[in-house]
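Examining the three-dimensional arrangement
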Amino acid sequence: MAEAITLNNNNLNEESIWGKDYLEDLPEFAGSNKKEPSDDNQKELSQEEIAKLLNDILAFEPSGMEKEQYVKYHPEIYNPDEAAIRNKAKGIVNRISSSDMIDYIKTTCEKDWDEAEVFLVNKIAAAYCLKNVPDIIHLDVDDLNPNDKGKCGGFDREHNIIVTYWGEGAINCEMDNIDMLSHELWHAKQQELIQEGEEGKIYDDNFNNYIKPEENPELYKKQIVEAEAYEIGFRMSMKYITAQYAFLDDNDFAQLHSLKNKMGINNISDLDKSYAKGKISKDDYWLLYLDMTSSYKATAS
């Protein structure tokens, strides 16, 4: 399936196309240099020359200083209210019930992964009030271009497709998968709001002036389109793992405690070190964390 689709990786959450307003910064468009055309210097351009001119215009990006200025004067995009984002994410994720997650887990236990994913994606889409659910493609990280290594996937806004990358250094557990799907589905919702009108204007402004992770990792996560998606993705993955913990039976607990003893985990500090060294998966980390603390609640909050 993946071989039949040509994806534009530049659209995978890395949009950096600037708005038409910035054409005014080009010398030929600057107000002081504008001239009315005269019949004396009219020149008929060939199709090749027109195409080159358009490509030159579309390839234009403002300098780093201009981007810094944009960031400075738009705190609503690049320094949004963190408490407001947390509350928004909490409200959205709470639309998914614990029983929904239990049903998802039961289906995965039956090894019907495709059916389980369709079920969960539809539940998340309903929680987001997302009308146009994207197609989802899973790729093996070993098949990626070397430049894409280290990425977990992304949302192609042009084709309404979510791509997830599975393997070492990418998605390798259910928490990662649910986090990623929830994150990218929220980008699809943001795109839908852009198309619907005024409510999506802030997302449109952000995507048109997007900060890539390699440009500024801290600002990348703080910009509103990513801050919302990261918060929702994390909370959705915690909704899953708390439901998974509640679903464990005696045999599951025995295996979990065996892993704990095998790794010599006696406290949270030991647990953190084991996870940091890659000795346990993210799923096992959080299951053990829930088992070792009294702060566990049956639903994520």
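Quick note: structure is the one above.
Scoring rules and cut-offs
Residues numbered from 1 in each chain as written. Predicted model: local features only at pLDDT ≥ 70, side-chain atom pairs only at ≥ 80, totals over all residues. Heavy atoms only, no water. Patch = residues over 30% accessible without salt bridge, like charges linked within 9 Å, V, L, I, M, F, W, Y side chains within 5 Å. Areas by Shrake-Rupley, 256 points an atom, 1.4 Å probe, with all protein chains shown as cover. Salt bridge = Lys/Arg side-chain N within 4 Å of Asp/Glu carboxyl O. Lys, Arg positive; Asp, Glu negative; His and termini not counted. Charge placed at Lys NZ, Arg CZ, Asp CG, Glu CD. Helix = DSSP H or I, 4+ residues; strand = E, 2+ residues; numbered from the N terminus. Phe/Tyr/Trp six-rings, centres within 6.5 Å; stacked < 30°, edge-to-face > 60°. Buried < 20%, exposed > 50% of the residue type's maximum accessible area, 1.4 Å probe, protein only. Pairing = 2+ DSSP bridges. Axes fitted to C-alpha atoms, helices over the stretch in contact; angles between N-to-C directions. Contact = heavy atoms within 4.5 Å. Core = buried A, V, L, I, M, F, W, Y, C linked by side-chain atoms within 4.5 Å.

**Points about a negative patch on the surface**
- On the surface, a cluster of negative charge is made up of Asp140, Asp142, Asp143 and Glu168.
- With respect to the helices, strands and loops of the structure, Asp143 is situated in the loop between strand S1 (135-140) and strand S2 (153-156).

**What to know about the packing of aromatic side chains**
- Evaluated as defined, the whole model comprises twelve aromatic pairs.
- Ring geometry for Tyr104 versus Tyr240: centroids 6.2 Å apart, planes at 75 degrees, classification edge-to-face. Of this pair, Tyr104 sits in helix H5 (residues 98-109) while Tyr240 sits in helix H10 (residues 224-247); the two residues are 136 residues apart in sequence, bridging distant segments of the chain.
- Take Tyr104: its relative accessible area is 3%, and that puts it in the buried class.
- Relative accessible area serves as the criterion here: at 5%, Tyr240 is assigned to the buried category.

**Comments concerning the sheet that holds S1**
- A sheet is described by the order of its strands in space; here three strands give the open sequence S1-S3-S2, paired in mixed fashion. Every other strand in the sheet has two partners, leaving S1 and S2 as the edge strands with one partner each. Between one strand axis and the next, the sheet turns by 15 degrees as a mean value, whatever way the strands run.
- Both S2 and strand S3 (residues 161-166) contribute to a ladder of four bridges, which runs antiparallel. Directly across from Phe155, in S3, lies its bridge partner Ile162.
- The strands touched by helix H7 (residues 174-196) within the sheet are S1, S2 and S3, with S2 carrying the most contacts at an inclination of about 20 degrees.

**Quick notes on the nonpolar core**
- Grouped together as the largest cluster of nonpolar side chains are 59 residues, with contacts concentrated most on Tyr128, Met236, Tyr240 and Ile241.
- Broken down by element, this core gets its largest block of residues, ten residues, from H10.
- With sequence-adjacent residues up to four places away left out, Ile241 is seen in contact with Met175, Asp283, Trp286, Leu287 and Leu290.

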